[in-house]
Amino acid sequence: MREVLTACTADCPGTCSIIAQVEDERIVKLRGNPEHEITSGFICKNTKNYLKERFYSDRRILHPLKKEDGEWVQVSWDEALNMAASKIRNACENYGSQSILYYQGYGARTALRIINRRFFNLLGGVSTLYGSICGGTGQAGQEMDMGVRISHDPIDHLNSNVILVWGRNPAVTDIHLWKIIIQARRRGAKLVVVDPVNTETARRADIHLQPVPGSDSFLAIAIAKIILKEGFFDEEFINKNTEYFKDYQELLNDYSLNELSQIIDIPLEELYELVRLFAVNHPSSIILGWGLQRYSQGHLTFRLIDALAAITGNIGKSGGGVSHGFDEYGYFSHEYALDDQSPNQRKLSIPVVGEEILQVQYPPIKLLFVTAGNPLAMLANSSKVKKAFESVDDVIMVDHFLNDTADVANLFLPATSFLEDEDLVGSYGHNWISPINPVTKPCGEARSELQIFQELAVQLGFGEEMAGSPREWLGKLAEPIIHEGISLEELLKKPYRFPSAPVTPFIDGKFETESGKFEFPTELDFENLRKLNEKLGLNNEFNLRLLSVSPRDWIGSEIPDKEHGMGVLEVQVHPKVLKEKDIEDCEEVWLESRQGKLLVKVKENDGLRTDYVLTHRGGWRKYNKCVNILTPDLVSDQGNGAPYYETFVRLKRII
Ligand SMILES: Nc1nc2c(c(=O)[nH]1)N[C@H]1C(S)=C(S)[C@@H](COP(=O)(O)OP(=O)(O)OC[C@H]3O[C@@H](n4cnc5c(=O)[nH]c(N)nc54)[C@H](O)[C@@H]3O)O[C@H]1N2
Ligand SMILES: Nc1nc2c(c(=O)[nH]1)N[C@H]1C(S)=C(S)[C@@H](COP(=O)(O)OP(=O)(O)OC[C@H]3O[C@@H](n4cnc5c(=O)[nH]c(N)nc54)[C@H](O)[C@@H]3O)O[C@H]1N2
Ligand SMILES: [Mo]
């Protein structure tokens, strides 16, 4: 038996360093690498099951496929690459290179993916995406306050007396952060959770607040008012390190505590209890999640929560701060993508890319090149996305599975994975960079994305500019890390924490804003939001919000075999909602929004509120489990994010 060190590249903040065990050239087990301070020797059940469910699954595609009369047919790599190159050439010659849209999904965000961009830039510059369907809205809010979104080293939460987890479910979505939170609790820290849902994280909390979904800005205003009223603020920090405090204070005056308590549907006593914990027992840290910002004004929510840390002087202190995520591409050099050397680029907004594809002219989109993503299942208003993808001449995709997007593709190129590639990967949950090493030879005929783009470049006449082994490219991409004193050879042998990443950001009191200080928000325009919610149907027949959250049993839309095709999508609702509609527990009903309708099975859960329906995201269209049939395609007010939870639905009995 031999062991090889690699890292999980699933879309998850963990990015676990893992050890793969190989017997007779077959990988028999994946286990956590103990020599990683954060992921410290254990992995989630999805990675444990990766070999069976994905890597060696019968459904994994190991040969190139082309679509003929609606059916997939196996072809050789020569034929597949010839086809891809000629489709690319045709699009460039007939419509210009911008008629190609390169869609990079979130399925495997490793360093070498930067070189994919180089390919498209060398081609002459194509259409690419801007904005985010993941964390853009929250990030925008933090950038407005502090200039950058930067988080405390997860280990630093061990120094907190209070940990306030707001709109995040780490017990399910980030099990290593959860372990640290549990350790901090054992040391005496108190855990406060703000989530409309009784999540696994919330169930372990000392205090759990369940506000009306989408009302967190008002909750943060209420907390601030109490902090200021009770004198729990840090005057020195406010005077020395912040800007626009007076304007912010005036904003707070627009609402009375009683009004706020009604909007958020939480009694004032509970808010006082939270404040007495959070604002008194310094240091207190706040950990913000993704669910919280899937709203059109999520940036404001983030800003108003950041403000709570600022007024209590919890920023720039060990055990304090407002942490959200990390920039997984922040440690690599992007110079080699040649983004600034390709004059001919066009950007389309990812949250509404379906609409963009249907609308753009001069040139229209003719060819879509999708890698490691499943836009048909994961983008809002999935039916519009499908229509848009069907409207282009060609869709080429590089993946492991025939997901929903494959239904509209006409060429499928089978990719290798973190068990077959040589690469490096950063993380959006901590500051570590982990090596990816080939554990076995590629399965079947799978090829790495790098190899695919290199071979296409040869056919298209710029092979030399793409040439180079993975290791040669990694040596270039990792220059900023090498510059900090870690050689590439070392970096490929074990995970390293990026040396200059701070444990406690802003410890020097300097912020990357225009004023160099923490900047409070100076206006709150909730009018837009009110109008939007009305337009989308709130207050009339579609009066339940739809929350589609991250499931424990899979990542993104990477659904395990056994889940495929089983029954209909399950949704949870409070028993009162069922009673009102005369619907039985476990009954199959229609879940309808203005975008579409879906047959679902309702399960009652009296730990929920009565104003929303809860379900998981990631189900596939072809199994009638895609929640994005119901979500409207919108762009958040700031950050070009995707406000998936601005979705209003109703339940209807099947007559
Ligand atoms: N097992 C597993 N792990 C994952 C993923 C996965 O699919 N499966 N996905 C990964 C990805 S892509 C991401 S981005 C992260 C996301 O990580 P998290 O942010 O932890 O997870 P989410 O479930 O997306 O949303 C978090 C919580 O927000 C809550 N929420 C919704 N609306 C509101 C609101 O108005 N106010 C408040 N306070 N809370 C609200 C939801 O109830 C949910 O519990 O997880 C990553 N980890
Ligand atoms: N309704 C609703 N929709 C949402 C969300 C929500 O909360 N609610 N959350 C959003 C969020 S946070 C995110 S991040 C997005 C995710 O959206 P996507 O990135 O589109 O979705 P994934 O399912 O993660 O797609 C990953 C794909 O990459 C493939 N893949 C995995 N590894 C590799 C590899 O090594 N190489 C290649 N070539 N392919 C690989 C997988 O097989 C899979 O098909 O979805 C968003 N969509
Ligand atoms: Mo995400």
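Residues numbered from 1 in each chain as written. Chains lettered and ligands numbered in written order. Predicted model: local features only at pLDDT ≥ 70, side-chain atom pairs only at ≥ 80, totals over all residues. Heavy atoms only, no water.

Caption draft 1: Expanded view of the site of ligand 1. The environment of ligand 1 is formed by 35 residues, the closest being Thr173, Asp195, Gly214, Trp290 and Trp554. Within the backbone of Gly291, one N or O atom sits 3.3 Å away from an oxygen atom of ligand 1. Between ligand 1 and Gly556 there is a distance of 3.0 Å, counted from an oxygen atom to a backbone nitrogen or oxygen. Notes on ligand 1: free accessible area 910 Å², of which the protein chains cover 98%. Contributing elements (two or more residues each) for the shell around ligand 1: helix H6 (170-173) and strand E22 (544-549). Counted by class, the shell around ligand 1 contains 18 nonpolar, 10 polar and 7 charged residues. Here the shell around ligand 1 gathers at least three residues from each of two domains, domain 2 (152-324) and domain 3 (527-653). (Near = heavy atom within 4 Å. Polar contact = N/O pair within 3.5 Å; in protein donor to acceptor, adjacent residues only side chain to side chain. Areas by Shrake-Rupley, 256 points an atom, 1.4 Å probe, with all protein chains shown as cover. Helix = DSSP H or I, 4+ residues; strand = E, 2+ residues; numbered from the N terminus. Nonpolar A, V, L, I, M, F, W, Y, C, P; charged D, E, K, R; others polar. Domains from an automatic or database assignment.)

Caption draft 2: Layout of the pairing of E22. For E22, a buried count of 5 out of 6 residues is recorded, marking the element as mostly surrounded by other parts of the structure. As defined by bridge partners, E22 adjoins strand E27 (residues 648-653) across 2 bridges and the pair is classed as antiparallel. Across the sheet, Leu544 pairs through a bridge with Val649, a residue of E27. Sheet topology note: the E22/strand E26 (residues 612-616) ladder contains 5 bridges and is parallel. Opposite Arg545, over in E26, you have Tyr612 as the bridge partner. (Buried < 20%, exposed > 50% of the residue type's maximum accessible area, 1.4 Å probe, protein only. Pairing = 2+ DSSP bridges.)

Caption draft 3: Local environment of the site of ligand 2. Tyr106, Asp399, Glu449, Ser557 and Asn628 are the nearest of the 30 residues found near ligand 2. One nitrogen or oxygen atom from the side chain of Asn403 is found 3.0 Å from an oxygen atom belonging to ligand 2. Arg617 is positioned such that a nitrogen or oxygen atom in its side chain is 3.1 Å from a nitrogen atom of ligand 2. Here ligand 2, which alone exposes 920 Å², has 97% of that area covered by the protein.

Caption draft 4: Structural view of the domain arrangement of the protein chain. Per the domain assignment, the segments of the protein chain are domain 1 (65-133 + 337-495), domain 2 (152-324) and domain 3 (527-653). Distance from the C-alpha centre of domain 1 to the C-alpha centre of domain 2: 39 Å.

Caption draft 5: Summary view of the nonpolar core. By size, the foremost hydrophobic cluster in this structure holds 57 residues, and its most contacted members are Trp166, Tyr248, Leu271, Ile311 and Ile315. Of the residues forming this core, the biggest block, 10 residues, is contributed by helix H9 (residues 216-230). Trp166 has contacts with Val194, Asp216, Leu219, Ala220, Ile223, Ile287, Leu288, Gly289, Leu292, Ile305 and Leu308, leaving out every residue within four places of it along the chain. Residues Phe119, Phe332, Phe453 and Ala457 belong to the second largest nonpolar core, which totals 53 residues. (Core = buried A, V, L, I, M, F, W, Y, C linked by side-chain atoms within 4.5 Å. Contact = heavy atoms within 4.5 Å.)

Caption draft 6: The arrangement of the pattern of salt bridges in detail. Using the criterion set out here, one finds 32 salt bridges in the structure. Note that Glu558 is salt-bridged to Arg54, the shortest N-O span being 3.6 Å. Of this pair, Glu558 sits in the loop between E22 and strand E23 (569-573) while Arg54 sits in helix H2 (residues 50-55); the two residues are 504 residues apart in sequence, bridging distant segments of the chain. Residue Glu558 is classed as partly exposed on the basis of its relative accessible area, which comes to 25%. Relative accessible area serves as the criterion here: at 12%, Arg54 is assigned to the buried category. (Salt bridge = Lys/Arg side-chain N within 4 Å of Asp/Glu carboxyl O.)

Caption draft 7: How the structure looks around the environment of Ile150. Within the secondary structure, Ile150 sits in the loop between helix H5 (136-146) and strand E8 (162-166). Exposure remark for Ile150: the relative accessible area of 26% places this residue in the partly exposed category. Separated by 175 residues in sequence, Ile150 and Gly325 place their C-alpha atoms 6.8 Å apart. If we skip the residues at most four places from it in the chain, Ile150 touches Val322, Gly325, Pro502, Pro505 and Phe506.

Caption draft 8: How the structure looks around unusual backbone geometry. His282 connects to Pro283 through a cis peptide bond whose omega is -5°. Its location among the elements puts Pro283 in the loop between helix H13 (268-278) and strand E12 (284-288). Following Tyr362, the chain continues into Pro363 via a peptide bond in cis, with omega recorded as -5°. Summarising the element assignment, Pro363 is placed in the loop between helix H15 (353-359) and strand E15 (367-371). Backbone geometry places Asn381, a non-glycine residue, at a positive phi of 50°. Structurally, Asn381 can be placed in the loop between helix H16 (375-378) and helix H17 (382-391). One non-glycine residue, Asn624, adopts positive backbone phi at about 55°. Its place among the elements puts Asn624 in the loop between E26 and E27. In this structure Asn624 comes out as exposed when scored by relative accessible area, which is 52%.

Caption draft 9: Expanded view of a negative patch on the surface. Together, Glu584, Asp585, Glu604 and Asp606 give the surface a local cluster of negative charge. Of note, Glu604 is situated in strand E25 (residues 597-604). (Patch = residues over 30% accessible without salt bridge, like charges linked within 9 Å, V, L, I, M, F, W, Y side chains within 5 Å. Lys, Arg positive; Asp, Glu negative; His and termini not counted. Charge placed at Lys NZ, Arg CZ, Asp CG, Glu CD.)

Caption draft 10: Looking closely at H5. Where burial is concerned, most of H5 is hidden: 8 out of the 11 residues are buried. In the stretch just after H5, Gly147 is the one whose phi turns positive, near 90°.

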